[in-house]
Amino acid sequence: MSKDQEKQVLRGKLSYSIRTAIREGGSADPKLNKLLANVIEIARNNQVPMENIQKILTDSKDKNKELKLIPFALKGPAQVVIIIETETENSNRTRQELSAFVKKKQFTIGDVSTGLYQFKHKGVILCSEYKGNTIGEEQLDEAEAHAIECGAEDVSIRNSYFEYGNVLEFTTDPSPSSFYPVVNALEKLNYKIVYSELEYIPLSTVELSDAYLEAVSDICEKLSSHKDVVKLFDNIIFPEQEC
């Protein structure tokens with residue numbers, strides 16, 4: 001995927017995070033919902049247009065839009081699995097539209113349980129700075145101590161995360177009662193959080209030929225542009241960064 005495509009996928013995930021923060025925080029007003037205010041700040045730092053954010057806030061007040069979170073699993077040749085998280089008021093319509101597209105690409109769509117056994121569900125928090133300093137190996141020991149203090153399961157350094165360069169990646173249990181307290185605790189310790197979301201992390205990955213990799217990358221791009229798709233997770237080794 002190109003950097004522009006990766007950014008598009010990231011902005012889609014952050015838009016989803018705003019909707020999640022509204023549900024979890026109980027308000028679409030960032031003045032009354034600290035979690036929402038934090039997510040909006042992260043979204044704006046990642047160039048999510050303000051008009052997109054405002055539309056999400058406005059739509060959340062429309063009681064006629066009863067959106068549900070519906071995940072699907074796509075399976076393709078060479079043991080490729082893609083987990084798709086959608087937000088839709090009509091799961092049958094969404095499934096039919098996605099199925100019509102992926103069938104042409106030799107993929108099948110099914111209930112998410114058919115693919116989940118190949119992934120672990122984790123909270124992921126990425127931090128680009130600690131006390132105003134950029135991230136390097138010298139911060140890892142202190143970050144490991146902070147991970148234990150905050151209740152995170154693990155921390156490592158992720159290299160070359162967009163324009164931020166190296167970032168610290170904290171992982172947590174995916175339950176809201178575990179994930180959100182870790183986010184808040186890291187903020188209080190003066191970490192600059194640039195991404196925080198629940199993700200499906202593959203237990204093993206597959207390496208594809210250049211031709212098939214290009215085809216799958218195109219599928220990821222097309223799927224991410226569907227209006228109901230908010231997240232994509234896969235088990236594919238991409239040269240730079242997964243879609």
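Scroll up to find the structure this text is about.
All of the points below concern the structure found in this document. (Residues numbered from 1 in each chain as written. Predicted model: local features only at pLDDT ≥ 70, side-chain atom pairs only at ≥ 80, totals over all residues. Heavy atoms only, no water.)

1. Regarding the packing of helix α2 (residues 34-45) against helix α3 (residues 50-59)
It is at 10 Å that the axes of α2 and α3 come closest, and there the two elements cross at 150°. The angle between the axes of α2 and α3 places the two elements in the roughly antiparallel class. The handedness of the crossing between α2 and α3 is right-handed. On α3, the residues touching Leu36, Ile40, Ala43 and Arg44 of α2 are Met50, Ile53 and Leu57. Its residues assigned to classes, the contact of α2 with α3 comprises six nonpolar, no polar and one charged. (Axes fitted to C-alpha atoms, helices over the stretch in contact; angles between N-to-C directions. Helix = DSSP H or I, 4+ residues; strand = E, 2+ residues; numbered from the N terminus. Parallel < 35°, antiparallel > 145°, perpendicular 65-115°, else oblique. Left-handed = near helix turned anticlockwise from the far one by under 90°. Contact = heavy atoms within 4.5 Å. Nonpolar A, V, L, I, M, F, W, Y, C, P; charged D, E, K, R; others polar.)

2. So, the nonpolar core
Counting residues in hydrophobic clusters, the biggest one holds 44 residues, and the most contacted among them are Ile18, Ile125, Leu168, Phe170, Leu186 and Tyr191. Take this core: its biggest share by element is six residues, from α2. Look past the residues within four positions of Phe170 in its chain and what remains in contact with it is Gly123, Val124, Ile125, Cys127, Ala143, Ala147, Ala152, Asp154, Val155, Leu186 and Tyr191. Counting residues in each nonpolar core, the second largest holds 21 residues, with Ile82, Cys220, Leu223 and Val229 among its members. (Core = buried A, V, L, I, M, F, W, Y, C linked by side-chain atoms within 4.5 Å. Buried < 20%, exposed > 50% of the residue type's maximum accessible area, 1.4 Å probe, protein only.)

3. A closer look at the environment of Ser217
Mapped onto the elements, Ser217 comes out in helix α8 (residues 210-224). With a relative accessible area of 11%, Ser217 lands in the buried category. In sequence terms Ser217 and Lys103 are 114 residues apart; their C-alpha atoms lie 16 Å from each other.

4. Some words on the sheet that holds strand β1 (residues 68-76)
Taken together, the four strands give an open sheet; going across it, the order is β3-β1-β2-β9, and neighbouring strands pair in antiparallel fashion. In the strand order of this sheet, the two ends are held by β3 (108-111) and β9 (229-234), each with one partner. The mean inter-strand angle of the sheet, taken between neighbouring strand axes irrespective of direction, is 25°. In the sheet, strand β2 (residues 80-88) pairs with β9 via five bridges, with the strands oriented antiparallel. Counted as the bridge partner of Ile83 is Phe233 from β9. Each of β1, β2 and β9 touches α8; the most contacted strand, β9, lies at about 155° to it. (Pairing = 2+ DSSP bridges.)

5. Considerations on the pairing of strand β7 (residues 167-172)
Burial of β7 is extensive: six of the six residues sit out of reach of the surface. Side chains Val167, Glu169 and Thr171 of β7 all project onto a buried face; the interleaved residues Leu168, Phe170 and Thr172 project onto the opposite face, where all are buried too. Note: strand β4 (residues 119-130) against β7, five bridges, orientation antiparallel. Across the sheet, Ile125 pairs through a bridge with Phe170, a residue of β7. Relative to β7, strand β6 (residues 154-158) is paired through five bridges, and the arrangement is antiparallel. Along β7, the bridge assignment pairs Ser156 with Glu169.

6. Some details on the side chain of Thr171
Mapped onto the secondary structure, Thr171 falls in strand β7. Thr171 sits in the buried class, given a relative accessible area of 14%. When near neighbours in sequence (up to four residues on either side) are disregarded, Thr171 contacts Gly123, Ala152, Glu153 and Asp154.

7. Focus: the packing of aromatic side chains
Any two aromatic rings considered together are summarised by their centre-to-centre distance and by the angle between their planes. Evaluated as defined, the whole model comprises six aromatic pairs. In textbook terms, an aromatic cluster arises when at least three aromatic residues are bridged by ring pairs, as seen for Tyr130, Phe170 and Tyr191. (Phe/Tyr/Trp six-rings, centres within 6.5 Å; stacked < 30°, edge-to-face > 60°.)

8. Some details on α3
Side chains of residues three or four places apart in an α-helix project in the same direction, reflecting 3.6 residues per turn. All buried positions along α3 are accounted for by Ile53, Ile56 and Leu57. Seen end-on, α3 carries its buried residues on one side only, within an arc spanning 100°. (Arc of directions from axis to C-beta.)

9. Re the environment of Ser177
Mapped onto the elements of the fold, Ser177 is located in helix α7 (residues 176-188). Ser177 gets classed as exposed once you look at its relative accessible area, which sits at 63%. Along the primary structure Ser177 and Ala143 are separated by 34 residues, whereas in three dimensions their C-alpha atoms are 21 Å apart.

10. A few points about helix α6 (residues 140-150)
Looking only at α6, the buried set comprises Leu140, Ala143, His146, Ala147 and Cys150. Buried residues of α6 fall within an arc of 110° about the axis and therefore sit on the same side. Opposite the packed face of α6, turned more than 90 degrees from it, sit the exposed residues Asp141, Ile148 and Glu149. As for α6, its buried residues are in contact with β4, β6, β7, α7 and β8 (191-202). Of the residues one or two after α6, Gly151 is the one with positive phi, at around 95°.

So yeah, pure geometry; function would need other evidence.
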